[in-house]
Amino acid sequence: MKVVITGGAGFIGSHLCQRFIADGVTVVCIDNFCTSRKSNIAELLKHRNFSLLIKDVIQPFTDYELIWLAGVNVVIHLASPASPEQYRRLDLETALVNSTGTKNMLDLALKEGARFVLASTSEIYGDPEEHPQSEKYWGHVNPVGPRSHYDESKRFAEMLTMLYHRKYGLDTRIARIFNTYGPGMQAEDGRVIPNFITQALQGKSLTIYGDGSQTRSFCYIDDLIDGLYRLTMLPNLGGTIVNLGNQDEYEIKEIAALITSLCSSPASYTYCKLPEDDPVRRRPDITKAKELLDWAPQVPLVEGLARTIEHFSQTGS
Ligand code: UDP
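A quick note: this is a predicted structure, and the numbers were derived from the prediction, not measured.

The rules we used
- Residues numbered from 1 in each chain as written.
- Predicted model: local features only at pLDDT ≥ 70, side-chain atom pairs only at ≥ 80, totals over all residues.
- Heavy atoms only, no water.
- Pairing = 2+ DSSP bridges.
- Helix = DSSP H or I, 4+ residues; strand = E, 2+ residues; numbered from the N terminus.
- Axes fitted to C-alpha atoms, helices over the stretch in contact; angles between N-to-C directions.
- Buried < 20%, exposed > 50% of the residue type's maximum accessible area, 1.4 Å probe, protein only.
- Contact = heavy atoms within 4.5 Å.
- Salt bridge = Lys/Arg side-chain N within 4 Å of Asp/Glu carboxyl O.
- Near = heavy atom within 4 Å.
- Polar contact = N/O pair within 3.5 Å; in protein donor to acceptor, adjacent residues only side chain to side chain.
- Areas by Shrake-Rupley, 256 points an atom, 1.4 Å probe, with all protein chains shown as cover.
- Nonpolar A, V, L, I, M, F, W, Y, C, P; charged D, E, K, R; others polar.

A.B. asks: How should I be thinking about the sheet that holds strand 5 (residues 115-121) in this particular structure?
C.D. replies: Reading across from one edge, 3-2-1-4-5-6-11 is the order of the seven strands in this open sheet, with parallel pairing throughout. In this open sheet, the two edge strands, each paired with only one partner strand, are strand 3 (50-54) and strand 11 (240-244). Direction aside, neighbouring strands of the sheet carry axes that sit 20° apart on average. The pairing of strand 6 (residues 172-177) with strand 11 spans five bridges and is parallel.

Next comes the structure, spelled out in structure tokens:
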């Protein structure tokens, strides 16, 4: 079996590559390193079943690249900046990788008769007015706000994926990934858990945006990979859209308190301006994932955070 993973050197991508390589699958990782890093795949690069194509998937494939990718059975499209700070900086790149990039990857899957898996996001629900969010909810998105190039381009990616499924009968699967954390995240990517851990380990004050009463539900990376793997591999799931995330919901100020306590750091907080359009509440309804994939997260937040803190304190990220 041969799998192509775009964004394979990123946080989630590199863990997914490791999972497929461990199962004896041939993996072609495509990445342009705009938000990822080579150290994530340093060990994988030594493996004979793993190859790296350095490429921006916004660009069309060359004949040489198409030969490299020929015979692929599954295309998994993860490539996109994903942290609010990164997609604010890489705004146009984000819009294009999720639109033009998704089309290029769908066309590859169609040409090769491969299964297509799209990494979508809880952001397609915007600042939700329904709680928890099930796949049936259409969302509440500002189409022109500071997060819109991410939210709307992911919504476009979902639309295009479903269009290829309906029009061409392509076997497509869409994962709506909620907040995920764990070893392999970059300390400087701007998301709340790496920010808080880095600040706490350095004895600094934790930066809470707003009053910290906004909520998120955090899924440990190993659980997320297990869900994504099941969604990719199980038969008869063409056209499926499924939430993947942890249902345990926390206020951001609770996360701050938990991390300072786990790092044995003094509880010191700096309250900063809440970014515009920051969702107030987020929690996945994972009934569908439980039924279709026989999947539910196993790692409690305290345990996952302890593992992540251990990793950050050893490696600096
Ligand atoms: N946040 C925070 N301090 C930080 C970084 C983020 O309070 O240093 C908040 C942010 O405003 C949001 C939540 O934590 O409400 C999660 O932010 P993150 O960037 O991790 O991801 P999001 O869920 O917004 O995509």
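A.B. asks: Would you mind going over helix 6 (residues 192-201) with me for this structure?
C.D. replies: Two residues of an α-helix separated by three or four positions point the same way, owing to the 3.6 residues in each turn. Summarising burial for helix 6: eight of the ten residues are buried, a large majority. For helix 6, the full list of buried residues reads Ile 193, Pro 194, Asn 195, Phe 196, Ile 197, Thr 198, Gln 199 and Ala 200. For helix 6, the secondary structure elements touched by its buried residues are strand 7 (180-181), strand 8 (206-209), helix 8 (252-262) and helix 10 (301-315). Trailing helix 6 by a residue or two, Gly 203 shows a phi angle of about 70°, which is positive.

A.B. asks: Explanation requested: the pattern of salt bridges in the structure shown.
C.D. replies: Close approach of charged atoms allows side chains of opposite charge to pair. On inspection of all chains with the given rule, the structure shows 19 salt bridges. The closest approach of N and O atoms between Glu 251 and Lys 253, which form a salt bridge, is 3.3 Å. Residue Lys 253 is classed as partly exposed on the basis of its relative accessible area of 36%. Of the charged contacts in the structure, one is a salt bridge between Glu 303 and Arg 307, with a shortest N-O distance of 2.5 Å. One end of the pair, Glu 303, and the other, Arg 307, are both in helix 10, four residues apart, so they sit about a helical turn from each other. Judged by its relative accessible area of 38%, Glu 303 falls in the partly exposed class. Classification of Arg 307 by relative accessible area gives partly exposed; the value is 33%. Taken together, the salt bridges that share partners define one network made up of Glu 123, Arg 147, Arg 216, Asp 278 and Arg 282.

A.B. asks: Help me understand the pairing of strand 4 (residues 74-77), please; the structure alone is not making it clear to me.
C.D. replies: Regular strands have side chains that alternate between both faces of the sheet. With burial as the criterion, each face of strand 4 is covered, one bearing Val 74 and Ile 76 and the other bearing Val 75 and His 77. Judged from the four bridges that link them, strand 1 (residues 2-6) and strand 4 form a sheet pairing that is parallel. Bridge pairing in strand 4 places Thr 6 opposite His 77. Here strand 4 pairs with strand 5 via four bridges, running parallel. Among the inter-strand pairings, Val 75 is bridged to a residue of strand 5, identified as Phe 116.

A.B. asks: How should the site of the ligand be read in this particular structure?
C.D. replies: Inspection of the region around the ligand gives 18 residues, with Asn 179, Thr 207, Tyr 209, Arg 216 and Asp 278 positioned closest. Between an oxygen atom of the ligand and a side-chain N or O atom of Arg 147, the distance comes to 3.0 Å. Separating an oxygen atom of the ligand from a side-chain N or O atom of Asn 195 is a distance of 2.8 Å. Protein chains bury 96% of the 520 Å² of accessible surface belonging to the ligand in isolation. Within the shell around the ligand, the residues separate by chemical class into seven nonpolar, five polar and six charged.

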